[in-house]
Amino acid sequence: MTYKTLLAVLQNKSDVDRVLDCALPLAARFSAHLIGVHAEAIPVPYVTPMGFPDTDFLTASVEINDRRSAEIEAVFRERAAREGASYEWQAMENVSGDSAVSALTAARAADLIIVQQTDPDADSGSMANVEALLYESGRPVLFVPYAVSVKPEFRKVLVAWNGTQQAARATFDALPFIVAAQETEILSLDRRDTGHDDGAMAGVDIAAALSRHGAKVTFASETSGDLSTGEAIENHIAESGADLLVMGAYSQSWLKEFFFGGATRTLLKSMPTATFMAR
């Protein structure tokens, strides 16, 4: 298994270099085709106090959007050509200008989506609905932290394993990274005995399965104590030095995570390292 089609979602000028710093080396590593996607908002017509359409405002909005899209496209094309990558560019429009939403059709035909984590301090007009990529694309998403540098060699991978369907999907979708890593650690948190599962052995099966693929696997079983699951994972990343986290997204319902929090929401907000998610 490998990745042959990569989709880079480029929301604005501030995230282009950070996303491409990850996407281009991966395209070279896997000899993959790289698709760059950016969307602009469809200009909304305004009316003058006299009730006539404000054509000057509409024209100015179109020019600003076109100029911004052209600048992002130019950076993408220049960098991709310089690296000798196979690439294409897709410029889109939608009501909100959300590049993640516009990218969904292309994303469903990609092996891996690469997008920057949402910067909470960014203006609302430049925020991507990255959760739509998780929920609606059906494809794995590699998040590049907005505040942490990423080296996409990914020598140490941490798999947050809770035995769910989402964790299994993410783990096997991440096989190309896991097999190539110098070490992959399976982290099992707060697992308890059930009628069909031995808590002490939770995660052993997936560790053995990955080993058969040639992965260099270690295993850790811990309790989170007073920390939330997300905080415990963050602490383990800091202690282990993992440079890629692999985890299933929203193994609880979205509403439960929205109202009560959960590991997915914690990591989407803080994200101490590159994070690979699928569901």
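Parameters at a glance
- Residues numbered from 1 in each chain as written.
- Predicted model: local features only at pLDDT ≥ 70, side-chain atom pairs only at ≥ 80, totals over all residues.
- Heavy atoms only, no water.
- Salt bridge = Lys/Arg side-chain N within 4 Å of Asp/Glu carboxyl O.
- Helix = DSSP H or I, 4+ residues; strand = E, 2+ residues; numbered from the N terminus.
- Buried < 20%, exposed > 50% of the residue type's maximum accessible area, 1.4 Å probe, protein only.
- Expected span 1.5 Å × (residues − 1).
- Contact = heavy atoms within 4.5 Å.
- Axes fitted to C-alpha atoms, helices over the stretch in contact; angles between N-to-C directions.
- Parallel < 35°, antiparallel > 145°, perpendicular 65-115°, else oblique.
- pLDDT = per-residue confidence, 0-100.
- Phe/Tyr/Trp six-rings, centres within 6.5 Å; stacked < 30°, edge-to-face > 60°.
- Pairing = 2+ DSSP bridges.

## Focus: the pattern of salt bridges
- Scanning the model with the defined rule gives eight salt bridges in all.
- Two residues, Arg-79 and Asp-17, come together in a salt bridge whose shortest N-O distance is 3.2 Å. One end of the pair, Arg-79, is in helix H2 (residues 55-82); the other, Asp-17, is in helix H1 (residues 13-30), and 62 residues separate them in sequence.
- Overall, the relative accessible area of 43% leaves Asp-17 in the partly exposed class.
- Of the charged contacts, one joins Arg-79 and Asp-21 as a salt bridge, the two residues approaching to 2.7 Å between their closest N and O atoms.

## As for helix H9 (residues 229-240)
- Here H9 contains 12 residues, and its C-alpha end-to-end distance of 16 Å stays within 8% of the 16 Å for a straight helix at 1.5 Å per residue.
- Those residues of H9 that fall on the buried side of the exposure criterion are Gly-230, Ala-232, Ile-233, Glu-234, His-236, Ile-237 and Ser-240.
- At its buried positions, H9 is contacted by strand E6 (156-161), strand E7 (183-189), strand E8 (217-222), strand E9 (244-248) and helix H11 (263-270).
- Looking at the residues trailing H9, positive phi occurs at Gly-241, about 75 degrees.

## Section: the packing of H9 against H11
- In the contact formed by H9 and H11, the axes pass within 7 Å of each other and the chain directions differ by 50 degrees. Relative to H11, the element H9 is oriented oblique. Residues Thr-229, Gly-230, Glu-231, Ile-233 and Glu-234 of H9 form the contact with H11, whose participating residues are Ala-263, Thr-266, Leu-267 and Ser-270.

## Quick notes on the confidence of the model for the protein
- With 84% of its residues at a pLDDT of 70 or more, the protein shows a mean pLDDT of 88.
- Contacts of residues 255-261 to residues separated by more than four positions or lying in other chains number nine contacts, the stretch itself having pLDDT below 50.

## Details of the packing of aromatic side chains
- One pass over the structure, following the stated rule, counts eight aromatic pairs.
- An angle of 70 degrees between the planes, with centres 5.8 Å apart, marks the rings of Phe-30 and Phe-177 as edge-to-face. Taken as a pair, Phe-30 in helix H1 and Phe-177 in helix H7 (residues 175-180) lie far apart in primary sequence, 147 residues in all. Each member of the pair, Phe-30 as well as Phe-177, is classed as buried.
- Judged by centre distance (5.2 Å) and plane angle (35 degrees), the rings of Tyr-135 and Tyr-250 are tilted. A residue pair is termed long-range when its members are at least 10 positions apart, and Tyr-135 in helix H5 (residues 130-136) and Tyr-250 in the loop between E9 and helix H10 (254-260) qualify at 115 residues.

## What to know about the sheet that holds strand E5 (residues 141-144)
- Spatially, E3-E2-E1-E4-E5-E10-E9-E6-E7-E8 is the arrangement adopted by the 10 strands of the open sheet, whose pairing is mixed. Each edge of the sheet is formed by a strand with only one pairing partner; in this case those strands are strand E3 (86-94) and E8. Strand-to-strand twist across the sheet, computed as the mean angle between neighbouring axes with direction ignored, equals 20 degrees.
- Bridge count for strand E2 (residues 33-41) against E3 is nine bridges, and the pairing is parallel. Paired with Ile-35 across the two strands is Glu-88, which belongs to E3.
- Sitting on the sheet, helix H8 (residues 204-212) is in contact with E6, E7 and E8, with an inclination near 170 degrees to E8.
- Across the sheet, H11 touches E5, E9 and strand E10 (274-278), and the angle it forms with E9 is around 150 degrees.

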